[in-house]
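Results of the structural survey
Here is what each chain is made of, one letter per residue.
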Amino acid sequence: MIEMVKSIGFKAILSIIPVLAIVVATNIVVDPANVIHNVAPEVAGYLLGGENVSLIKENFGMRELREEYLRRSNQANVVVLGSSRSLQVRKWMLTEPTESFYNASVANAQLELYQSLYAIFKEKKHLPKTIVFCCDHWLFDLPRVENVQTAAHINTGFSPFKLSSLANRIIPTRYMEMMSFSYFQSSLAFLRVNRSLLQFYPTKDTNDKNMLILADGGIQYDATIRQRSVEEVRRIVEMDLRINNAKKKGDPTKFEERKVDPKRIAAFETLLQTMKNDGVRVVLFLSPYHPLFYQNLPSLAASEQIFREVAARQNVDIIGAYNPEQIALTEADFFDYWHPTPEGLARFFASEQARSVLMKQFAP
């Protein structure tokens, strides 16, 4: 009997091996979120050559790209640090044509990333003259372990493969994903949609239908996002509000509970002080939110006040506002609930409030 059980078990294992081999091979070859292969060096090479990069696969490590680019580039006089909410900030909005510029923003960025990127500037001894720091409302939140997920996983629509918390700490993500059946499903879905393994290509064309990483570091969204009407954007915002308010039992004040960590505020101020001591001019920028979203998230005003108090203590300029009405932006100036359009941002940066500060900061 024991020998029969062993035989059945052995045959079961043998039958699984070919299936696992197919899963691993497919995930390695397709890699829809670029968590197995590092494409940052190749993409950075195109950007350093002054070309834009059209993304067929929009999901890959933007942090790795920023780090690769900064380590290989020369000094940029003006640098933007922030999240996806500042990725629409372009060189022509802030600087003269002769001024060097780089937008180093990363989606879902946290304070630790800004510390890491600034360390690269110091390591290379290529400090920018000016840093425009986009201040997101989550920057001082207490870290929530359950929300630690790569943007690539979130955007692709699958969860990281988890054996256990211990295994995930020991085994690198790329190896876990090689064996992941959920990642295998994402690989097949990518092939069905694209019917090609091509991930990206360099281009000078800014009318490309795909998402573009621009040579100045900014992002141009794909055509479907850029062409959203005011009504479509409002529906997106309303849907998100309904979903989240339902989760919070209808209480709009709990749309997103904020638990501020004083240690993170102190760390941010230490970073600002370090920049100032290094001779870097710092401007804090409050990127606006969609009007309807702002009205339904009362905690935004409190978050903004914290940044204004930090700016006062550190004696740095602060521009912008979370409330779009305060900087003359409307519903037509947003792609969704918290991503303003480049046209809206351009009008703001051309305003007297912004120019009076920026001209002072960018003066020789």
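Source: prediction; values computed, not measured.

Look at helix α12 (residues 262–277): 22 Å from first C-alpha to last across 16 residues, which is about the 22 Å you get at 1.5 Å a residue. Every buried residue belonging to α12 is among R264, I265, F268, E269, L271, L272 and M275, and all of these are buried. Seen from one end, α12 has its buried residues packed into an arc of 155°, which puts them on one side. Of the exposed residues in α12, those oriented more than 90 degrees away from the buried face are P262, K263 and N277. Its side-chain oxygen at 3.0 Å from the backbone nitrogen of K263, D261 defines the N-terminal cap of α12. The positive-phi residue at the C-terminal boundary of α12 is G279, with phi of around 85°.

Judged by pairing direction, the sheet is parallel, and its five strands sit side by side in the order β3-β2-β4-β8-β9 without closing on themselves. Single-partner strands in this sheet number two, and they are β3 (101–103) and β9 (317–320). Sheet twist, expressed as the mean angle between neighbouring strand axes with direction ignored, is 20°. Where strand β2 (residues 78–81) meets β3, three bridges bridge the pair, whose relative direction is parallel. Its bridge partner being in β3, V80 is matched across the sheet by N103.

Attention now goes to the pairing of strand β1 (residues 52–55). Along β1, one buried face is formed by N52 and S54 and the opposite face, lined by V53 and L55, is buried too. Pairing between β1 and strand β5 (residues 200–203): four bridges, direction antiparallel. Note that in β5 the partner of V53 across the bridge is P202. Bridge analysis of β1 against strand β6 (residues 211–213) gives three bridges, and the strand direction is antiparallel. Considered in β6, the bridge of V53 is made with I213.

This brings us to the nonpolar core. Where a protein is soluble and globular, its nonpolar side chains tend to be buried together. In this structure, L81, F133, I213, F268, M275, L284 and F307 are the most contacted members of the largest nonpolar core, which totals 64 residues. Tallying contributions element by element places helix α5 (residues 111–124) first for this core, with seven residues. When neighbours within four sequence positions are excluded, F307 is seen to be in contact with C135, D136, L139, F140, F268, L284, L286, I318 and Y322.

Moving on, we come to the packing of α12 against helix α14 (residues 299–314). As a packed pair, α12 and α14 sit with axes 11 Å apart at the nearest point and diverge in direction by 40°. In terms of axis orientation, α12 runs oblique to α14. Judged by the twist between their axes, the crossing of α12 over α14 is right-handed. Of the residues in α14, those in contact with I265, F268, E269, L272, Q273 and K276 of α12 are I306, F307, V310, R313 and Q314. Looking at side-chain class alone, the contact of α12 with α14 contains six nonpolar, two polar and three charged residues.

Helix length check: α5 (14 residues) gives 21 Å between terminal C-alpha atoms against 20 Å at 1.5 Å per residue, within 8%. Within α5, the full set of buried residues consists of L111, L113, Y114, L117, Y118, I120 and F121. Against α3 (62–72), β2, β4 (130–134) and α12 lie the buried residues of α5. Note on α5: the residue one or two positions beyond its end, K125, has a positive phi of about 60°.

Let us look at the confidence of the model for the protein chain. Looking at the protein chain, pLDDT values average 81 and 79% of them are 70 or higher. Taken as a whole, residues 144–168 scores under 50 in pLDDT and shows 34 contacts with residues more than four places along the chain or in a different chain. Taken as a whole, residues 250–254 scores under 50 in pLDDT and shows seven contacts with residues more than four places along the chain or in a different chain.

Okay, the sheet that holds strand β7 (residues 219–220) next. What the four strands build is an open sheet, ordered β5-β1-β6-β7; its pairing is antiparallel. On the outer flanks of this sheet lie β5 and β7, each paired with one strand and no other. Bridging between β6 and β7 involves two bridges; their strand directions are antiparallel. Pairing of L212 across the sheet is with Q220, part of β7.

Cut-offs applied
Residues numbered from 1 in each chain as written. Predicted model: local features only at pLDDT ≥ 70, side-chain atom pairs only at ≥ 80, totals over all residues. Heavy atoms only, no water. Helix = DSSP H or I, 4+ residues; strand = E, 2+ residues; numbered from the N terminus. Expected span 1.5 Å × (residues − 1). Buried < 20%, exposed > 50% of the residue type's maximum accessible area, 1.4 Å probe, protein only. Arc of directions from axis to C-beta. Polar contact = N/O pair within 3.5 Å; in protein donor to acceptor, adjacent residues only side chain to side chain. Pairing = 2+ DSSP bridges. Axes fitted to C-alpha atoms, helices over the stretch in contact; angles between N-to-C directions. Core = buried A, V, L, I, M, F, W, Y, C linked by side-chain atoms within 4.5 Å. Contact = heavy atoms within 4.5 Å. Parallel < 35°, antiparallel > 145°, perpendicular 65-115°, else oblique. Left-handed = near helix turned anticlockwise from the far one by under 90°. Nonpolar A, V, L, I, M, F, W, Y, C, P; charged D, E, K, R; others polar. pLDDT = per-residue confidence, 0-100.

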